[in-house]
Amino acid sequence: AWLESRLGIAKGGRLQRVLSRAPLAMVMAVDTMESRLQCLAELGVPADLLGPLVVRTPRLLHWPTSTIKGRVQWLRDARILPDGDGSGDARAAFLRRQPDYFSSGSKDCADTLRWLVGLGLSEEEAGALLFAEPATLSQPLEQLELHASFFLSVIGASLQDLREVPHVLTCDLAKVPLLRHAYCL
């Protein structure tokens, strides 16, 4: 009842997803889960985004608040969120576009950032690219390498072009850039 009234997670698939992936929610005190939501709210997550975030990452209901804060701090440390984001607007914008961020492993996110820097982008440019196209963080590195290789080597684009169209790393390669390239040839 609390999940439905507080987060709008009604009976059915969404509630089933939350309870199957975070069964501890059935035995946890409401105050404990509420403290996690309060932590997210203090970090700038708007109330209307709490439900979708919990559906995407049900473990948020029982994660230690230090883990939640650490994941958001990583976004700042990695220069993905703009400096001085005191209002939380950038965090909210990022999480709206990438509600699976908390589901992604910290190591996977760091590996993606390192890969972008290894590609030739500066840390600031890599962070800006991830802010502009946060879905990049949920892509496997092999897929990112394939997309980048096609864009940079086959099409002959530059890193500047990649910064301008970061969605080339997450789009359906066969349906968009590959077909356009073949048509242009």
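Throughout this description, residue numbers start from 1 for each chain and increase along the sequence as written. Local features in this predicted model are restricted to residues whose pLDDT is 70 or higher, and side-chain atom pairs enter the listing and the counts only when it is 80 or higher, whereas totals over whole chains, interfaces and linings include all residues. Hydrogens are left out, water is left out, and the side-chain values use all remaining heavy atoms of the structure.

Draft legend 1. Looking closely at the overall build of the chain. Under the DSSP-based scheme used, a helix requires at least four consecutive residues in state H or I and a strand at least two consecutive residues in state E, with every element numbered from the N terminus. If you tally the helices and strands in the chain, you get 11 helices and zero strands. Counting from the amino terminus, helix and strand elements in the chain follow one another as α-α-α-α-α-α-α-α-α-α-α. By principal-axis analysis of the C-alpha atoms, the chain measures approximately 60 × 35 × 25 Å. Here the chain, with 185 residues, has 42% of them falling under the buried criterion. Residues are treated as being in contact if the distance between any of their heavy atoms lies within 4.5 Å. Sequence-distant contacts, at least 24 apart, represent 70% of the contacts inside the chain between residues at least 6 apart. The accessible surface values rely on the Shrake-Rupley method and a 1.4 Å probe; as for residues, cover is taken only from the protein chains in view. By element, 55% of the accessible surface of the chain is carried by carbon and sulfur atoms, the whole surface being about 9500 Å². Relative accessibility decides the category of a residue: with a 1.4 Å probe and only protein chains considered, values under 20% of the type maximum give buried, values over 50% give exposed, and everything between is partly exposed.

Draft legend 2. Layout of the nonpolar core. F102 and L169 are the most contacted members of the largest nonpolar core, which totals 49 residues. Here the element with the most residues in this core is helix α4 (residues 47-56); it accounts for five residues. Once residues lying within four places of it in the same chain are set aside, the contact partners of F102 are L40, L53, T57, R59, L60, W63, I68, R71, V72 and L95. We define the nonpolar core as a collection of buried residues of types Ala, Val, Leu, Ile, Met, Phe, Trp, Tyr and Cys that are connected through side-chain atoms lying within 4.5 Å of one another.

Draft legend 3. Region of the structure containing the side chain of E133. Along the chain, E133 turns up in the loop between α8 (123-132) and α9 (141-154). Residues counted as positive are Lys and Arg, residues counted as negative are Asp and Glu, and His and the chain ends are not counted. Just to be clear on terms, a salt bridge is a Lys or Arg side-chain nitrogen sitting within 4 Å of an Asp or Glu carboxyl oxygen. At 6.4 Å, R97 is the nearest oppositely charged side chain to E133, a buried residue that forms no salt bridge. Under the rule applied, a polar contact is a pair of N or O atoms within 3.5 Å (in protein, one hydrogen donor and one hydrogen acceptor; residues adjacent in sequence only if both atoms are side-chain atoms). At 2.7 Å, the side chain of E133 forms a polar contact with the side chain of T170. What E133 contacts, discounting residues up to four positions off in sequence, is P166, H167 and T170.

Draft legend 4. Representation of the side chain of D111 in the model. By the secondary structure assignment, D111 is in helix α7 (residues 106-119). A polar contact of 2.8 Å, which involves the side chain of D111, links it to the side chain of K107.

Draft legend 5. Quick peek at the packing of α7 against α8. Lines fitted to the C-alpha atoms define the axes, with helices restricted to the stretch that makes contact. Angles between their N-to-C directions range from 0 to 180 degrees. The contact between α7 and α8 brings their axes to 9 Å, and the two run at 125°. Between α7 and α8, the angle falls in the class oblique. Handedness of the α7/α8 crossing: right-handed. Counting all contacts with α7, which are made through T112, L113, L116 and V117, the residues of α8 involved are E123, A126, G127, L129 and L130. Gly is put with the polar residues, along with every residue not named as nonpolar or charged; the nonpolar set is Ala, Val, Leu, Ile, Met, Phe, Trp, Tyr, Cys and Pro, and the charged set is Asp, Glu, Lys and Arg. Along the lines of polarity and charge, the residues of the contact of α7 with α8 split into six nonpolar, two polar and one charged. When an angle is under 35 degrees it counts as roughly parallel; over 145 it counts as roughly antiparallel; between 65 and 115 it counts as roughly perpendicular; any other value is oblique. The hand of a helix crossing depends on one turn: near helix anticlockwise from the far one by less than a right angle means left-handed, and clockwise means right-handed.

Draft legend 6. Just the packing of aromatic side chains, in detail. Paired rings are identified among Phe, Tyr and Trp, the last through its six-membered ring, by centres lying within 6.5 Å, and are further divided according to the angle between planes into stacked (under 30 degrees), edge-to-face (over 60) and tilted (the rest). Scanning the entire structure with this criterion turns up three aromatic pairs. Taking 6.3 Å as the distance between ring centres and 75° as the angle between the ring planes, the aromatic pair formed by W63 and F102 counts as edge-to-face. Placement of W63 in the loop between α4 and α5 (65-77) and of F102 in the loop between α6 (89-97) and α7 is noted, with a sequence separation of 39 residues between them. Among the residues examined, F102 registers a relative accessible area of 1% and is labelled buried. By way of ring pairs, the aromatic residues W63, F94, Y101 and F102 are connected into one cluster. Stacked on the ring of Y101, the Lys or Arg R71 has its end atom at 4.4 Å from the ring centre. In this analysis the charged atom, NZ for Lys or CZ for Arg, is taken to sit over a ring once it is within 6 Å of the ring centre and within 35 degrees of the ring normal. Over the face of the ring belonging to F131 we find R97, whose NZ or CZ atom lies 5.0 Å from the ring centre.

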